[in-house]
Amino acid sequence: MVRNVAGLLPELEAEDFYLLSGVEQGMRFSEWVQREKLPKFASLSEEEVDYRLERCLKRGLIEKKTIQYEGYTLQFEGYDTLALRALVEQDTISEFGSPLGVGKESDVYEVRSYKPLALKYHREGYTNFREVHKERDYTADNEHVSWMYTARKAAEREHGILEDLYPDVAVPQPIGQNRHAIVMEKMDGVELSRTRLEDEQVLGVLDLLLSEISRAYEHGYVHADMSEYNVFVNEEGVTIFDWPQAVPTDHENADEFLQRDLTNVVGYFRRKHPQYVSDDLESSDLADSITANSFETLADFV
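Note that the coordinates shown come from a computational prediction; the quantities given were computed from them, not determined experimentally.

Rules of the game
- Residues numbered from 1 in each chain as written.
- Predicted model: local features only at pLDDT ≥ 70, side-chain atom pairs only at ≥ 80, totals over all residues.
- Heavy atoms only, no water.
- Domains from an automatic or database assignment.
- Buried area = accessible area lost by both parts, 1.4 Å probe.
- Salt bridge = Lys/Arg side-chain N within 4 Å of Asp/Glu carboxyl O.
- Phe/Tyr/Trp six-rings, centres within 6.5 Å; stacked < 30°, edge-to-face > 60°.
- Helix = DSSP H or I, 4+ residues; strand = E, 2+ residues; numbered from the N terminus.
- Buried < 20%, exposed > 50% of the residue type's maximum accessible area, 1.4 Å probe, protein only.
- Lys NZ or Arg CZ within 6 Å of the ring centre and 35° of its normal.
- Pairing = 2+ DSSP bridges.
- Axes fitted to C-alpha atoms, helices over the stretch in contact; angles between N-to-C directions.
- Contact = heavy atoms within 4.5 Å.
- Parallel < 35°, antiparallel > 145°, perpendicular 65-115°, else oblique.
- Nonpolar A, V, L, I, M, F, W, Y, C, P; charged D, E, K, R; others polar.

A. Here's a closer look at the domain arrangement of the chain. Each assigned domain of the chain is listed with its residue range as follows: domain 1 (6-185) and domain 2 (190-300). For domain 1 versus domain 2, the distance between C-alpha centres works out to 32 Å. Buried area between domain 1 and domain 2, both sides added, is near 1,400 Å², and the carbon and sulfur share of it is 61%. At the junction of domain 1 with domain 2, the criterion picks out one salt bridge. Among the salt bridges present, the one from aspartate 242 reaches lysine 120, with a minimum N-O distance of 2.6 Å.

Quick look at the structure:
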């Protein structure tokens, strides 16, 4: 698990960030950056590079490896530190809080600015780089891809999609983005998978969720990874999150992904609440209605 680096910021000096930025710059060309190139990349003297390398190695921000040469690469903690410092300097966030969720492809922390927010670090490619590179279309056309590039592109893509959808679709409000990190509105409520719905709420929540999927389609996107684990439910309605893998509606597989999303959603409600969601509710009928921009309410299908 990648650790929280917020506590390191007060310990680090400007020259430490020059060194980290220099390694980041060198990694555009090679996973392991040659020691001899770091003074140029970091705009530091030879002696200063040696001193800063020792400090950053001690804090786990970079890693050293001797191959045909002495090379250095950023750890995710180092990349986290660069993104976090940039967001603080931009006044996007001012305080760092506790973890909100940790997963294979992201870590989310509570942060504060003028109100409570959420900071999401994308982790795509850190542990399963080959799998993500193969599946995600935002890396497929780039031959020189690293975990750093993959995570940054995921964050840029998700932030852009949230900007396109908010506020017309119930998604978290995007606040800012730097490198592989996104700052967004902190969601209130409970994950759908852990929500205990009252009998009279079941079809109402399903109707809200299908309406948001339909509205996202109208605005040009299919989520492409819908499940009970990326929906929050509260008294005001539902919020759909985790959008980096979303595809535009003109994508060649968009209708297939929409069908899969609907199958996942309806399947979850059918398993959880079989007395209210019958086998007669077909995800294919819902998909046809959504693609025809004619979906209005679940009542037309039950």
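B. Representation of the packing of aromatic side chains within the structure. If you walk through the whole model with that rule in mind, you get nine aromatic pairs. Between phenylalanine 76 and tryptophan 147, the aromatic rings sit 4.5 Å apart at their centres with planes inclined by 45 degrees, giving tilted as the arrangement. Placement of phenylalanine 76 in helix α4 (residues 76-89) and of tryptophan 147 in helix α6 (residues 147-165) is noted, with a sequence separation of 71 residues between them. Taken as a pair, phenylalanine 76 and tryptophan 147 share a single burial class, namely buried. Considering the side-chain rings of phenylalanine 295 and phenylalanine 301, the 6.0 Å spacing of their centres and the 15 degrees angle between planes classify their relative orientation as stacked. A relative accessible area of 8% places phenylalanine 295 in the buried class. Site record: aromatic cluster; members linked through ring pairs are Phe76, Tyr79 and Trp147. Sitting over the ring of phenylalanine 17, arginine 85 keeps its end group 4.0 Å from the ring centre. One Lys or Arg, arginine 123, reaches over the ring of phenylalanine 76 and ends 4.7 Å from the middle of that ring.

C. Structural context of the sheet that holds strand β5 (residues 106-112). In spatial order, the strands read β4-β5-β6-β8-β7; together these five strands make up an open sheet with antiparallel pairing. Here the strands that pair on one side only, and so sit at the sheet edges, are β4 (95-102) and β7 (174-178). Adjacent strand axes in the sheet meet at a mean angle of 25 degrees when their direction is disregarded. Looking at chain direction, β5 and strand β6 (residues 116-122) are connected through seven bridges and run antiparallel. Of the residues in β6, the one forming a bridge with tyrosine 109 is leucine 119. Across the sheet, α6 is in contact with β6, β7 and β8 (181-185); its angle to β7 comes to roughly 160 degrees.

D. How the structure looks around the packing of helix α1 (residues 14-26) against helix α3 (residues 46-58). Close contact between α1 and α3 brings their axes to 9 Å; oriented N to C, the two are set at 90 degrees. By the angle between their directions, the pair α1 and α3 is classed as roughly perpendicular. Judged by residue contacts, Glu15, Asp16, Leu19 and Leu20 of α1 engage Glu48, Val49, Arg52, Leu53, Arg55 and Cys56 from α3. Of the residues in the contact of α1 with α3, the class split is five nonpolar, no polar and five charged.

E. Summary view of unusual backbone geometry. Tyrosine 166 connects to proline 167 through a cis peptide bond whose omega is 5 degrees. Considering the arrangement of structural elements, one finds proline 167 in the loop between α6 and β7. Unusually for a residue other than glycine, arginine 179 sits at a positive phi of about 55 degrees. Position of arginine 179 relative to the elements: it lies in the loop between β7 and β8. A positive phi angle, close to 55 degrees, is found at asparagine 293, a residue other than glycine.

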